[in-house]
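The primary structure of each chain is shown beneath.
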Amino acid sequence: MARRNGCLIGCAVAGVLGIGLLVALLFGVGKVIDVADKTLVDHKVYEAVSVGDSEAEVRAKLPSGESFVTSALKDGGPAVPAGSECSWYLSDSGSGDTVLRFCYKDGKLAEKADYRVK
C-alpha cells in the first residue's frame, strides 16, 4: 500500500511539474510574439518614409515599439541628434540584427538610421 501511495504522489508531482513547464513555455512564446508585434518593422516602411515627413504620419506606420528589448537596441548605434526623440525597432528583413531608428524633432522626422546590433 505504501508503494502505491508513493507512486501516486510521484506521478502527481511529475504531472504538476509538467503542466508548470508547459505554462512557462507558452508564456515565453507569448512574450516573443509580443516583442515581434511591438518592435518589428518591414524595411520597406523604413525606405518609404523621408526626413521631413510628419511625425504623426511616420508613427502611424510603425508599431508601438514599447518592449523590454528596446533599451538593448539603443546601444551601438550612431549618436542621437541633439534635441530629438527617437524610437528603435528591429528590421524584419530576415537578418534579425538590423536596427531601424527614427528620430523626431519639432513634429517632423529629423533622421532615420539603420545599423547592425553589436
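Just so it is clear, the structure is predicted and the values come from calculations on it, not from any experiment. (Residues numbered from 1 in each chain as written. Predicted model: local features only at pLDDT ≥ 70, side-chain atom pairs only at ≥ 80, totals over all residues. Heavy atoms only, no water.)

K.L.:
Just checking my understanding: could you explain the packing of aromatic side chains for this structure?
P.N.:
Remark: the centre distance and the inter-plane angle together describe each pair of aromatic rings, the angle taken between the planes. Taken as a whole and judged by the stated rule, the model has two aromatic pairs. Between Y46 and F102, the ring centres sit 5.7 Å apart and the planes meet at 70 degrees, which makes this aromatic pair edge-to-face. Of this pair, Y46 sits in helix α2 (residues 43-48) while F102 sits in strand β3 (residues 98-105), and the two are 56 residues apart along the sequence. When sorted by exposure, Y46 lands in the same class as F102, which is buried. (Phe/Tyr/Trp six-rings, centres within 6.5 Å; stacked < 30°, edge-to-face > 60°. Helix = DSSP H or I, 4+ residues; strand = E, 2+ residues; numbered from the N terminus. Buried < 20%, exposed > 50% of the residue type's maximum accessible area, 1.4 Å probe, protein only.)

K.L.:
Would you take a moment to explain the side chain of R101 for this structure?
P.N.:
Structurally, R101 is set in strand β3. What makes R101 buried here is its relative accessible area of 1%. In this structure the side chain of R101 is engaged in a polar contact, spanning 2.6 Å, whose partner is the backbone oxygen of P78. Setting aside chain neighbours within four positions, we find R101 in contact with Y46, P78, A79, V80, P81, C86, S87, W88, E111, K112, A113 and Y115. (Polar contact = N/O pair within 3.5 Å; in protein donor to acceptor, adjacent residues only side chain to side chain. Contact = heavy atoms within 4.5 Å.)

K.L.:
Looking at this model, I keep getting lost on the nonpolar core. Mind explaining?
P.N.:
Looking at soluble globular proteins, one finds that nonpolar side chains tend to be buried together. Counting ten residues, the largest nonpolar core consists of V41, Y46, V49, V58, L62, Y89, L100, F102, Y104 and L109. When residues of this core are assigned to their parent elements, the largest contribution, three residues, is made by β3. With seven residues, the next largest nonpolar core counts C86, W88, V99 and C103 among its residues. (Core = buried A, V, L, I, M, F, W, Y, C linked by side-chain atoms within 4.5 Å.)

K.L.:
Help me out: how do you make sense of the sheet that holds strand β2 (residues 85-91) in this one?
P.N.:
Consider a sheet: its strands pair through backbone hydrogen bonds, and that pairing is either parallel or antiparallel. Ordered by their spatial adjacency, four strands build an open sheet running β1-β2-β3-β4, and the pairing between neighbours is mixed. Sheet topology places β1 (40-41) and β4 (108-116) at the edges, where each strand pairs with a single neighbour. (Pairing = 2+ DSSP bridges.)

K.L.:
Got a minute to help me understand a negative patch on the surface in this structure?
P.N.:
Among the surface-exposed residues, D42, E47, D92 and D114 lie close enough to one another that they form a single negatively charged patch. Tracing the backbone shows E47 in helix α2. (Patch = residues over 30% accessible without salt bridge, like charges linked within 9 Å, V, L, I, M, F, W, Y side chains within 5 Å. Areas by Shrake-Rupley, 256 points an atom, 1.4 Å probe, with all protein chains shown as cover. Salt bridge = Lys/Arg side-chain N within 4 Å of Asp/Glu carboxyl O. Lys, Arg positive; Asp, Glu negative; His and termini not counted. Charge placed at Lys NZ, Arg CZ, Asp CG, Glu CD.)

K.L.:
What exactly am I supposed to notice about the pattern of salt bridges here?
P.N.:
Applying the stated rule across the entire model yields three salt bridges. Across the pair R59 and E55 runs a salt bridge whose closest N-O atoms are separated by 2.8 Å. Here R59 and its partner E55 are both found in helix α3 (residues 55-60), four residues apart, which amounts to about one turn of the helix. Residue classification places R59 among the partly exposed positions, given a relative accessible area of 27%. On the basis of relative accessible area, E55 is assigned to the partly exposed category, the value being 21%. Between R59 and E85 there is a salt bridge, with the nearest N and O atoms lying 3.3 Å from each other. With R59 in helix α3 and E85 in strand β2, this pair connects stretches of sequence that are 26 residues apart. Several salt bridges share partner residues, and in doing so they unite E55, R59 and E85 into one network.

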